[in-house]
Amino acid sequence: MPARFIVTAVVTFFAWAIAAVISQGMSDAVTNSSSIWLATGVTFGALLVVRAPNRPAVLLGAALATMVLGLLDGLGFLQALGFGLNEALCAGVGAWLALRFRAQKEDAPAEPGKAYAGLLLGAVVTSALGASISLLLWSWVMKGDVALAIEWRVWACTSFVGILLMAPLIQSFAGFRVRRSGGMATSQFVAGAATFVLFFVVTTLIFSSDVSDRFGASLGPTLTYLPLPFIVVTAILWKERGATLATLIAALALTGWTNAGGGPFAEIEGFRGEAVIEVQGYVAVMALLVGVVNALGATAAQALAEARDWRTRYRQVMDSTRTVMVNFDAKTGTATWGEAASAMLRTNTANLMTVQDLIAHAEPGEQPALLADWRDLTQGQRDHVLWKTAFRWSDGRVANLNARLSGVRGADGQVEQVASLLEVEAARG
C-alpha cells in the first residue's frame, strides 16, 4: 500500500475524530442533540481536494473513525460497521456529484459559482441520503424504539450545516503555502479584523445571554440577524480563506451560546428543541451568504485576471507589430489613443486631440484628400479607408504610417465611431 494512501487515511481518521469531538461538544443541553456535525464535512471536503487515487483512503479513514466512535458508544461491531459504511457511501456519492457538477472541459477556466452550486447539491444529497440510511440503522440498533422523523431531521440538518462549514474551509486551505510576500495587504487584513471584532461584539450582546433582559422583550428578538452584515463584510475583505475560518468560529460560538440557553432562539421556543433547529437555520444562512460572497468574489477575481492576461497579450501584439490603436468620435473627431501611442509615434498624443489635429501634421498637399476620406467615413459613404502617408511632428520628427480607418455604426445605422489602426513603418528625427 503506497505511503501517500496510508498518510491520507490516517490524517482523515484523526481530522474526522477531532471534528466529531467538537461536534459532540455542541450538543443541546435539553435534547442532547448535536446542532452541527462537522465530521461529515471533513469527509466531504477531503474528497473534493485530494487526487482521485487517494479518495478511497479518505473514505477508509472516515469509515474507520465512524466505526471507532460507534464502538465507544457501545454499538456492536456489525452495527458500527454499518454506520461506517453509511458515512463513506453518502459522502462519496455527494462528493462525486459535486465534482461532476464542477467538471470543466480541457483548458477551460474554473467557474466558482458553478463549483459552489455543485457543493450545495452534494451537501443536500449527502445529508439526505445519510439520514435516510440512518433510519434503517437506528431501527436495527434501537429495536424500533426510535423517533424516526426526529432522527432523520437531526441527521440531515446537522450534516448539511457541517458540510457548509467544513468543505469550503478545507478547499480554501488545500493549497495553502506560507509566503514572505504577496497575499493580503495589511490595511485589508486590519479592516477585516475590525469588522470581525464588531461581528463578535454584536453577536455577544445578542446571543450570549437573555437578549430580552438586555434590550427589552419587544426589541431584543428583532435584533437576531443584525450580526450577519458584519460577517458578510468580513468575507469580502478577507476573501475565501479568512472568510471560511471566520464563519466556522462564528458558527461554533453562536451554537454554543444557544445550546447553553442564551440568545433569542433559546428564549422563545414553541416546543422542546426548537432552538436547535433555529440555530441550525441561522448558521446555514450565514454559511450560504459567505459562500455566495466568496463565489462572486472569486468570479470577479478570475475575470480581472483574464482581462489582465488579454491586455498583456494585446500590448505584446500591438508593440511587436508597431501598431497603434485610436478611436475617433464620428461627430467631433475627438481622439482616444491606445496605450504606448506616444512612445510608438514618438510624439505626445495629448496634443493630437482630434483627427483634424492628426491630419494637420500630414503633408499639405495630402490633407484635402485625407479630410475627404474622413468625411466619407463619417457620412457612411465608405466603410473603410486606407492611408499611407507621412506625418511631420512639431519637433521635426517624421512618422510614416499605414493607417486603416473603419466606421463603427450604432443601432440606428449611423456611424458613431471610427476605429483606426496605425502601423508605424518608420519614425525618424
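Residues numbered from 1 in each chain as written. Predicted model: local features only at pLDDT ≥ 70, side-chain atom pairs only at ≥ 80, totals over all residues. Heavy atoms only, no water.

S.K.: How should I be thinking about the overall build of the protein chain in this particular structure?
M.R.: Each helix and strand counted, the protein chain has 14 helices and five strands in total. Its C-alpha radius of gyration of 32 Å places the protein chain more than 25% over the 22 Å reference for a compact globule of 429 residues. Across its three principal directions, the C-alpha atoms of the protein chain cover 105 × 60 × 45 Å. Relative to its full complement of 429 residues, the protein chain shows a buried share of 42%. Contacts spanning at least 24 positions in sequence make up 65% of the contacts within the protein chain whose residues lie at least 6 apart. As displayed, the protein chain offers around 21,900 Å² of accessible surface, 63% of which is attributable to carbon and sulfur atoms. Distance between charge centres in the protein chain, computed from 31 positive and 31 negative side chains, equals 9 Å. (Helix = DSSP H or I, 4+ residues; strand = E, 2+ residues; numbered from the N terminus. Rg over C-alpha atoms; globule rule 2.2 N^0.38 Å. Buried < 20%, exposed > 50% of the residue type's maximum accessible area, 1.4 Å probe, protein only. Contact = heavy atoms within 4.5 Å. Areas by Shrake-Rupley, 256 points an atom, 1.4 Å probe, with all protein chains shown as cover. Lys, Arg positive; Asp, Glu negative; His and termini not counted. Charge placed at Lys NZ, Arg CZ, Asp CG, Glu CD.)

S.K.: Explain the packing of helix α1 (residues 3-24) against helix α2 (residues 38-49) here, please?
M.R.: To characterise two packed helices, one gives the angle between the axes of the helices and the distance between these axes. It is at 7 Å that the axes of α1 and α2 come closest, and there the two elements cross at 150 degrees. Classified by the interaxial angle, the pair formed by α1 and α2 is roughly antiparallel. Judged by residue contacts, Ala15, Trp16, Ala19, Ala20, Ile22 and Ser23 of α1 engage Leu38, Ala39, Thr40, Val42 and Thr43 from α2. Of the residues belonging to the contact of α1 with α2, the class tally is eight nonpolar, three polar and no charged. (Axes fitted to C-alpha atoms, helices over the stretch in contact; angles between N-to-C directions. Parallel < 35°, antiparallel > 145°, perpendicular 65-115°, else oblique. Nonpolar A, V, L, I, M, F, W, Y, C, P; charged D, E, K, R; others polar.)

S.K.: Would you mind showing me how to read the nonpolar core here?
M.R.: Nonpolar side chains in soluble globular proteins tend to be buried together. Of all hydrophobic cores here, the largest spans 61 residues; its most connected members are Trp16, Phe44, Leu165, Ile231 and Met286. Considering every element that reaches this core, the biggest residue donor is helix α9 (residues 228-259), with 11 residues. Ignoring sequence-local partners within four residues, the contact set of phenylalanine 44 consists of Ala91, Gly94, Ala95, Ala98, Leu119, Gly122, Ala123, Thr126, Ile163 and Ala167. Core analysis: the next-biggest nonpolar cluster, separate from the first, contains 29 residues, Ala330, Ala362, Phe391 and Ala403 among them. (Core = buried A, V, L, I, M, F, W, Y, C linked by side-chain atoms within 4.5 Å.)

S.K.: I tried to follow the pairing of strand β4 (residues 398-409) on my own but got confused; where do I start?
M.R.: Walk down a regular strand and you will see the side chains alternate between the two sheet faces. Examined bridge by bridge, strand β3 (residues 384-392) and β4 share nine bridges and lie antiparallel to one another. By the bridge assignment, lysine 388 is partnered in β4 with asparagine 402. Linking two consecutive strands that pair antiparallel, namely β3 and β4, is a turn of five residues; a positive phi of about 95 degrees is found at glycine 396 within it. (Pairing = 2+ DSSP bridges.)

S.K.: What's the story with the packing of aromatic side chains in this structure? I'm lost.
M.R.: Aromatic rings considered in pairs are described by the distance between their centres and by the relative angle of their planes. Under the defined criterion, the tally for this structure stands at 16 aromatic pairs. Note on phenylalanine 13 and phenylalanine 14: the rings are 5.4 Å apart at their centroids and 80 degrees apart in plane angle, and the pair reads as edge-to-face. A centroid spacing of 4.9 Å and a plane angle of 40 degrees characterise the contact between tyrosine 225 and tyrosine 282, whose relative ring orientation is tilted. With a gap of 57 residues between them, tyrosine 225 in the loop between α8 (211-215) and α9 and tyrosine 282 in helix α11 (residues 274-320) connect regions that are remote in the sequence. One aromatic cluster is present, formed by Phe189, Phe196, Phe199, Phe200, Trp238 and Trp257 through successive ring pairs. Looking at arginine 313, its charged tip hangs above the ring of tryptophan 310, at a distance of 4.9 Å from the centre. (Phe/Tyr/Trp six-rings, centres within 6.5 Å; stacked < 30°, edge-to-face > 60°. Lys NZ or Arg CZ within 6 Å of the ring centre and 35° of its normal.)

S.K.: What's the story with the environment of aspartate 357 in this structure? I'm lost.
M.R.: Tracing the sequence through the fold places aspartate 357 in helix α13 (residues 355-359). On the accessibility criterion, aspartate 357 (28% relative accessible area) is partly exposed. Distance from aspartate 357 to threonine 334, taken between C-alpha atoms, is 9.5 Å for residues 23 residues apart in sequence. Apart from the residues lying within four places of it in its own chain, the contact partners of aspartate 357 are Asn351 and Leu352.

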